[in-house]
Amino acid sequence: MSEIGPDSTVSGVGRVFTLLRLVAEAPAGGLRLTDIAARANLPRPTVHRLLRALAAEGAVAFEPRGKRYTLGLDLFLMAARAGDATGLRDLARPTLLRLTASLGETLFLLVHNGYDAVCIERSAGPLPIRSFTGDIGGRVPLGIGQGATAILAFLPAAEQDEIVRHNLPRMRDFGGPDEASLRAEIARVRREGFCGGAAGLIPGMAGLGAPILDRDQRAVAAISIGTTTDRLTPERKEVIAEMLKREAAAIGRQINPFDPTLRRAGAAMAG
């Protein structure tokens, strides 16, 4: 792991990038403030101030129980916009392109980030589709839309309850469900393995979403399809749902558990 020697002069932007590099090189569990300050050869109060500023911008994430810092998802999103495809996005892109080509529909890849789902990849079909996340980098509260609801349904019960409690007021801005309806949909998604509800929140639009599960069967992401209500007939819905479930399971078997896009999915819930 890199260290800054005692004679090094690091200031301003250099200090920020020094801390980011140290956090990036940390083990999967992250680093404590004391360790980061020692490796950077900087005063602990200075490092604490800089890390808090980076956390406020989403560049680093703080896990309060272990008091450790890891890289934040926003760094990945900036890289994604610059065309730097890595990890889950790189793994799932061929699937999205193949499904778009075979179905003629728009596909989305969403990743769990705290109380939200963030779109990190999109494969556009020939039809104009409106969605809550929009293009790459867009985010939506978990529980709104098929992909975000598929993720929520396959989270641990305690985390799921916390997200529902936090997100219900936010859902009103989207015309979302009440708690009883949301929990009924969550139970249905867990039973069927995909989300086909939430149609009608955007007039004329419909979709399906399937969770991407890690080795502990916890949702870390989802693939979803956006289409129009007239194209999603009951027969077609059944076929597409099975396709999404199969493709999501295949992606889940290949994901890297240390992928920085996934390992800090709950970081935004801290504090």
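Residues numbered from 1 in each chain as written. Predicted model: local features only at pLDDT ≥ 70, side-chain atom pairs only at ≥ 80, totals over all residues. Heavy atoms only, no water.

> Please explain the packing of helix α6 (residues 146-153) against helix α8 (residues 179-192) as it appears in this structure.
The relative placement of two packed helices is expressed as an angle between their axes plus a distance between the axes. For the pair α6 and α8, interaxial distance at closest approach is 9 Å and the crossing angle is 80°. Looking at the two axes, α6 sits roughly perpendicular to α8. Touching Thr-149, Ala-150, Leu-152 and Ala-153 of α6 are Leu-182, Glu-185, Ile-186, Val-189 and Arg-190, all from α8. Partitioned by chemical class, the residues of the contact of α6 with α8 number six nonpolar, one polar and two charged. (Axes fitted to C-alpha atoms, helices over the stretch in contact; angles between N-to-C directions. Helix = DSSP H or I, 4+ residues; strand = E, 2+ residues; numbered from the N terminus. Parallel < 35°, antiparallel > 145°, perpendicular 65-115°, else oblique. Contact = heavy atoms within 4.5 Å. Nonpolar A, V, L, I, M, F, W, Y, C, P; charged D, E, K, R; others polar.)

> Looking at this structure, I do not really get the confidence of the model for the protein. What am I missing?
Fine structural detail should not be taken from predicted coordinates in areas where pLDDT scores are low. Looking at the protein as a whole, the pLDDT averages 85, with 85% of positions reaching at least 70. Within the protein, no element has a lower average pLDDT than helix α10 (residues 260-263), which sits at 65, and none a higher one than α6, at 96. Per-residue pLDDT stays below 50 along residues 1-10; that stretch engages in 18 contacts with residues further than four places along the chain or on separate chains. Per-residue pLDDT stays below 50 along residues 266-271; that stretch engages in 13 contacts with residues further than four places along the chain or on separate chains. (pLDDT = per-residue confidence, 0-100.)

> Help me understand the nonpolar core, please; the structure alone is not making it clear to me.
The nonpolar side chains of soluble globular proteins are, as a tendency, buried together. Of all hydrophobic cores here, the largest spans 29 residues; its most connected members are Leu-88, Leu-109, Leu-208, Ile-212, Ile-223 and Leu-244. Those elements giving two or more residues to this core turn out to be α5 (87-103), β4 (106-113), β5 (116-123), β7 (205-213), β8 (219-228) and α9 (234-254). If you tally residues by element for this core, the top one is α9, at six residues. Apart from residues no more than four positions distant in its own chain, Leu-88 is found in contact with Leu-109, Ile-120, Ala-221, Ile-251, Ile-255, Asp-259 and Leu-262. By size, the runner-up hydrophobic cluster in this structure holds 26 residues, among which are Tyr-115, Val-140, Ile-163 and Val-164. (Core = buried A, V, L, I, M, F, W, Y, C linked by side-chain atoms within 4.5 Å. Buried < 20%, exposed > 50% of the residue type's maximum accessible area, 1.4 Å probe, protein only.)

> Can you help me understand the sheet that holds strand β2 (residues 60-63) in this one?
Two modes of strand pairing occur in sheets, parallel and antiparallel, and in both the strands are linked by backbone hydrogen bonds. Taken in spatial order, the three strands of this open sheet run β1-β3-β2, and their pairing is antiparallel. Of all strands in the sheet, those with a lone pairing partner are β1 (31-32) and β2, marking the two edges. Across four bridges, the pairing between β2 and strand β3 (residues 68-71) is antiparallel. Across the sheet, residue Val-60 finds its bridge partner in β3, namely Leu-71. (Pairing = 2+ DSSP bridges.)

> How should the pairing of β3 be read in this particular structure?
Remember that side chains alternate between the two faces of the sheet whenever the strand is regular. With two bridges joining them, β1 and β3 adopt antiparallel strand pairing. Note on β3: the bridge partner recorded for Arg-32 is Arg-68. Here β2 folds back onto β3 in antiparallel fashion, the turn holding four residues, of which Lys-67 has a positive phi close to 55°.

> How do you make sense of the sheet that holds β8 when you look at a structure like this?
A sheet is described by the order of its strands in space; here five strands give the open sequence β6-β5-β4-β8-β7, paired in antiparallel fashion. Only two strands of the sheet have a single partner each, and these edge strands are β6 (139-141) and β7. Ignoring strand direction, the axes of neighbouring strands in this sheet form an average angle of 30°. Pairing geometry for β5 and β6, over three bridges, is antiparallel. The partner of Ala-117 across the bridge, within β6, is Val-140. Its contacts with the sheet place α6 against β4, β5, β6, β7 and β8, and it is angled at close to 35° to β7. Lying over the sheet, α9 contacts β4, β7 and β8, oriented at roughly 30° with respect to β7.

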